[in-house]
Amino acid sequence: MLLKDKFMKFINYLEKITGVDIYALTSFGIFFTFFIVMVLWAWKADKKMINEISQIPLEN
Amino acid sequence: MQVEKFYYDNKSVRMFGYATVLWGVVGMLAGLLIAVQIYLPAANFNLPFTTFGRVRPVHTNAVIFAFVGNGIFMGVYYSLQRLCKARMFSDVLSKIHFWGWQLIIVLAAVTLLSGYTSGKEYAELEWPIDILITLIWVVFGINMFGTIITRRESHLYVAIWFFIATWVTVAMLHIVNSFEVPFSWMKSYSFYAGVQDALVQWWYGHNAVAFFLTTPYLGLMYYFIPKASNRPVYSYRLSIVHFWALIFIYIWAGPHHLLYTALPDWAQSLGTVFSIMLIAPSWGGMLNGLFTLRGAWDKVREEPVLKFMVVAVTCYGMATFEGPLLSLKTVNAISHFTDWTIGHVHIGALGWNGFLTFGMLYYLTPKLFNTPLYSKKLATNHFWIGTIGIVLYAIPLYWAGFTQAEMWKQFTEEGQLKYTFLETVTHIIPMYITRSIGGLLYLTGVFIMVYNLGKTIAAGSFIGDEEAEAPALPKVPETHGKQYWHRWIEARPIQMLIVSLVAVAIGGIIEMVPTFLIKSNIPTISSVKPYTPLELQGRDVYIREGCYLCHSQMIRPFRDEVARYGEYSKAGEFVYDHPFQWGSKRTGPDLARIGGKYPNAWHYNHMWDPRSISPGSIMPQYTWLFDNKIDTALTGAKIRAMITLGVPYPKDYDKIANDDLVTQAKSIQENLKKDKIETPGNVEIVALIAYLQRVGTDIKAAPKQVASLK
């Protein structure tokens, strides 16, 4: 019975989820921002460094 | 700067290479056996451990975790050392990792054939083995991160990012999906039930494909294609976008395995949306691999290693184009539960994983043994036989899947189903036969490779410790122009691990938490009650024999399925199902409403010899169930485990559960006697009949009592 009492049984903590949209919007926001920043970085990264890194497998 | 001399450890690479080949042959032989069993039931040999339901998990686990698993380790142990300019962190850990993984594989084969299974696809192994996997995975992690930390190269090449993401995500998936409550030293019940169990399982199943069969191999692609073609990757910038986009999006797509099921609709839609988005990074990666060979196609003509790699990457592109297509609800309505899925996964398994592994083996063996490949011609023959094998394997299954789905959905003008289920099966038998020939060809190619590599090894001399030189890593990393945030991350493996974990955890959390915690997602049905002790024992027999591998328990809300099987399945029906048994393939008909459909005697005779009831049936016989005694010593422990999981049995019911079991068994025994069948009441067939007669019946007791949401 210990486990049952102490751990989640994953049922019925909330009757309903209110304002469910905010979860979707937040995750989309995180997701979108991350991508924009990452693409910008990849685009603006120093060419010499990119070339150098892409040569690593060929070194030995 | 001081140049340091050190040695690459090739011994571990060699060991993992041998294991890759050995388990590849074993896993594919098991696959060939089950492919034949599907059209030749006699090939089940009427023995428990050679029957389809037990051999099939051996096949899937062997090719995924033994063949591809060792292939990953072979490739990682070779490339990581060279990309880090450092020997593997610890020789002892390398040895523990190797032998520990092989021990897991042997234990897996023995226990699965003995019927110990958790009943969740690709995660069938029972709890002691699950713990062992965790330990060995941690050993691999320490060895990998130790190597990365003691490296002599300031940059982390993109392949290493893929290895890091693989490690952290597989750890997360394995731990979350393997939560289970043991009731004996080798058996347990899944911690989750019904819809929740299904969501966790397919979150795991989908991402095991992503992070065990895809990301590590993409890392290897980013190393071995440049290496074999002797030119840098087409676009390193693209590889950065590829990495982050792939690991971010992949984790959300799991629910596309559960379209039209009782999973809440919002979760299904989320899975579909992210599956469509997956095309972008997948194809970005594929094109990056193929474009690396721009201007080098003459080499592809000469070099079998590159031939294998080109077809591997092309198959990756095909499978990742098809995957999003299959996750569209309209396409999924046709493809799901049919052989289409089997065709799809084998494009990935045989083409992408298999061929990239063969490419690596052909590349590495001459390097490790310091001698040219014994025969390029044989390797090219292997390539062609393998390619024809893949085509002969996949096309008949696409055909079979599409044909069967169309036949399932046909109605006569009078509004009756046009075909019985069995008619749709016997119709596609020729396709099954062709598929097994394709598999045989593919395996023949592997044997040619074994001979070729063996000859190469015999002619060469093994370099166990390969000498290399590189300057130590400077204390202050060198800079290139402006520094950007990504540069900060990519020089820091531990931070990389944390960011990767966050990226992969978000999707799972957003999908699972609401499904677990919010009542409106799984409306309760008051007439759904826990299984009786005899039914629970029967259910465990059902799981042990792998019935769920050919029979679904999930009626989708389609006209033909409701007409064929009965009322469509509701989320609230499965709240006591630890583990869920929805299945993913209908080689036989759905069983969600099998309870009460046929008399007990029908089941009794059918399990003894399916063809005596349904001529032409391809189901194996289960004659041992008529002799095996029900393990009543475990009844109490099973009930206690269920109570722990929140199943509402009365207090102290475990102590009297066997009394109820005997009473119910006696009533089935007497019922069978009316049909002139004499059987003891304490054999497993009685428990199995009790379970089958219960499945899907609760809802009939009070069909209108679906609780409101208040």
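Residues numbered from 1 in each chain as written. Chains lettered and ligands numbered in written order. Predicted model: local features only at pLDDT ≥ 70, side-chain atom pairs only at ≥ 80, totals over all residues.

**Considerations on the overall build of chain B**
Inference 1: A tally of regular secondary structure across chain B gives 26 helices and four strands.
Inference 2: Along the first, second and third principal axes, the C-alpha set of chain B runs to 90 × 50 × 50 Å.
Inference 3: The buried share of chain B, taken over its 710 residues, is 54%.
Inference 4: Within chain B, counting contacts between residues at least 6 apart in sequence, those at least 24 apart form 84% of the total. (Helix = DSSP H or I, 4+ residues; strand = E, 2+ residues; numbered from the N terminus. Buried ≥ 20, exposed ≤ 12 C-beta atoms within 10 Å, placed from the backbone. Contact = placed C-beta atoms within 7 Å.)

**Quick word on the overall build of chain A**
Inference 1: Scanning chain A from terminus to terminus reveals four helices and zero strands.
Inference 2: Beginning at the N terminus, the succession of helices and strands in chain A can be written as α-α-α-α.
Inference 3: A buried classification covers 12% of the 60 residues belonging to chain A.

**Details of helix H8 (residues 265-277) of chain B**
All names here are of chain B.
Inference 1: Look at H8: 19 Å from first C-alpha to last across 13 residues, which is about the 18 Å you get at 1.5 Å a residue.
Inference 2: Taken together, the buried positions of H8 are occupied by Ala 267, Gln 268, Leu 270, Gly 271, Phe 274 and Ser 275. Down the axis of H8, the sector holding all buried residues measures 160°, keeping them to one side. (Expected span 1.5 Å × (residues − 1). Arc of directions from axis to C-beta.)

**Some words on the domain arrangement of chain B**
All names here are of chain B.
Inference 1: Partitioning chain B into structural domains gives domain 1 (9-475 + 506-511) and domain 2 (533-701).
Inference 2: Distance from the C-alpha centre of domain 1 to the C-alpha centre of domain 2: 33 Å.
Inference 3: Breaking the side of domain 1 that touches domain 2 down by element, the ones donating at least two residues are helix H2 (52-84), strand S3 (188-190), helix H6 (194-229) and helix H15 (421-427).
Inference 4: The biggest single contributor to the side of domain 1 that touches domain 2 is H2, with five residues. (Domains from an automatic or database assignment.)

**Let's talk about the packing of helix H19 (residues 533-544) of chain B against helix H24 (residues 653-674) of chain B**
Geometrically, a packed helix pair is captured by the angle between its two axes and the distance between the axes.
Residue and element names in this part refer to chain B.
Inference 1: Packing of H19 against H24 leaves a shortest axis separation of 7 Å and a crossing angle of 80°. With respect to their mutual orientation, H19 and H24 come out roughly perpendicular. Touching Pro 533, Leu 534 and Gln 537 of H19 are Ala 657, Asn 658, Asp 660, Leu 661, Gln 664 and Ala 665, all from H24.
Inference 2: In terms of residue class, the contact of H19 with H24 is built from five nonpolar, three polar and one charged. (Axes fitted to C-alpha atoms, helices over the stretch in contact; angles between N-to-C directions. Parallel < 35°, antiparallel > 145°, perpendicular 65-115°, else oblique. Nonpolar A, V, L, I, M, F, W, Y, C, P; charged D, E, K, R; others polar.)

**A few points about the packing of helix H1 (residues 10-37) of chain B against helix H3 (residues 91-113) of chain B**
All names here are of chain B.
Inference 1: In contact at an axis separation of 10 Å, H1 and H3 are set at 10° when each is read in the N-to-C sense. Comparing their axes, H3 and H1 come out roughly parallel. Packed against H1, whose contacting residues are Ser 12, Met 15, Phe 16, Ala 19 and Trp 23, the element H3 presents Ser 94, Phe 98, Gln 102 and Ile 105 at the interface.
Inference 2: Along the lines of polarity and charge, the residues of the contact of H1 with H3 split into six nonpolar, three polar and no charged.

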